[in-house]
Amino acid sequence: MPRHVACVMDGNGRWAQRRSLPRTAGHQAAETTVIDIIEAARAAGVEWLSLYAFSTENWNRPGAEVDFLMGLVRRVVRKHAPLLLARGIRCRFLGVGDSRIPRELARDFEDLATLTADNRGMTLTVAFDHGGRRDIVEAARSLIRSGTPADEVTERLFADHLPFPDTPDVDLVIRTSGEQRISNFMLWQVAYAEWVFPEVLWPDFRAPDFLACLHTYRRRDRRFGGVPPRTMGETS
């Protein structure tokens, strides 16, 4: 079982387009999937679940769509906070640094994180206003400000300066809709992740699809750059 699963929730716009609906309808339909996957991951024994909700690049979308997303996310957070608390899920928000985020939404993020801080079940990380490159740059700046000599910088020390340094590396990334790219998502943490690209669009993605991805992961042979033990010492 992967300890840390991350999902790139892709395909909302295409889901709506295929139904001749506005893109916002796809985002609205995604709410059911989010809750279904959170419940499925918790029940399956996943310890860490990360969801890519809004990237630093998503600010380039039309203003009306961005405004709708801000309002939708606020409603979802407030609506499902009791469920997350009851399930023992600890909630954290990765990013959330842009001044364009409405103050009310930022406050809701902070309130939910505080409300669930003592939960000891699964940790849910919502990447909102997140960019992997920005996180790496900020970690480098933090190291420089700390006065750490260049020769003393190690991968472990660098990781300690990333947001939420206790977060384990991602084991499995699921990107729905069949698109096959990273999209600036947790770049440091996904270095050795396994990737699965189901064709189903995110609003149609459900617990059985999620469990199928976990099954695919369990069939993978993770070597982390090495070779399987049975081939050690063999010559080609």
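All values reported here derive from a predicted model rather than from experimental measurement.

Q: Looking at this model, I keep getting lost on the overall build of the chain. Mind explaining?
A: Regarding its fold elements, the chain presents seven helices and six strands. For the chain, the sequential pattern of α-helices and β-strands runs β-α-α-β-α-β-α-β-α-α-β-β-α. Taking 2.2 N^0.38 as the reference for a compact globule, 236 residues should give roughly 18 Å; the C-alpha atoms of the chain span a radius of gyration of 19 Å, in line with that estimate. With respect to the principal axes defined by its C-alpha atoms, the chain has extents near 60 × 45 × 35 Å. Counting across all 236 residues of the chain, residues that qualify as buried make up 46%. Pairs at least 24 apart in sequence give 77% of the contacts found in the chain among residues at least 6 apart. Carbon and sulfur atoms form 50% of the exposed surface of the chain, whose accessible area is close to 12500 Å². Each charge sign in the chain was given a centre, from 32 positive and 31 negative side chains, and these centres are 4 Å apart.

Q: How should I be thinking about the sheet that holds strand E3 (residues 90-95) in this particular structure?
A: The strands that make up a sheet are held in pairs by hydrogen bonds between backbone atoms, and each pair lies either parallel or antiparallel. The sheet built from six strands is open, its strands ordered E3-E4-E2-E1-E5-E6 with parallel pairing. Both outer strands of the open sheet, E3 and strand E6 (194-196), are each paired with one neighbouring strand and no more. Strand-to-strand twist in this sheet, taken as the mean axis angle between neighbours without regard to direction, amounts to 20°. With three bridges connecting them, strand E5 (residues 172-175) and E6 associate as parallel partners. The residue of E6 that forms the bridge with Leu172 is Glu194. Packing of helix H4 (residues 103-115) onto the sheet brings it into contact with E3 and strand E4 (123-130), and relative to E3 it is tilted by some 140°.

About the cut-offs
Residues numbered from 1 in each chain as written. Predicted model: local features only at pLDDT ≥ 70, side-chain atom pairs only at ≥ 80, totals over all residues. Heavy atoms only, no water. Helix = DSSP H or I, 4+ residues; strand = E, 2+ residues; numbered from the N terminus. Rg over C-alpha atoms; globule rule 2.2 N^0.38 Å. Buried < 20%, exposed > 50% of the residue type's maximum accessible area, 1.4 Å probe, protein only. Contact = heavy atoms within 4.5 Å. Areas by Shrake-Rupley, 256 points an atom, 1.4 Å probe, with all protein chains shown as cover. Lys, Arg positive; Asp, Glu negative; His and termini not counted. Charge placed at Lys NZ, Arg CZ, Asp CG, Glu CD. Pairing = 2+ DSSP bridges. Axes fitted to C-alpha atoms, helices over the stretch in contact; angles between N-to-C directions.

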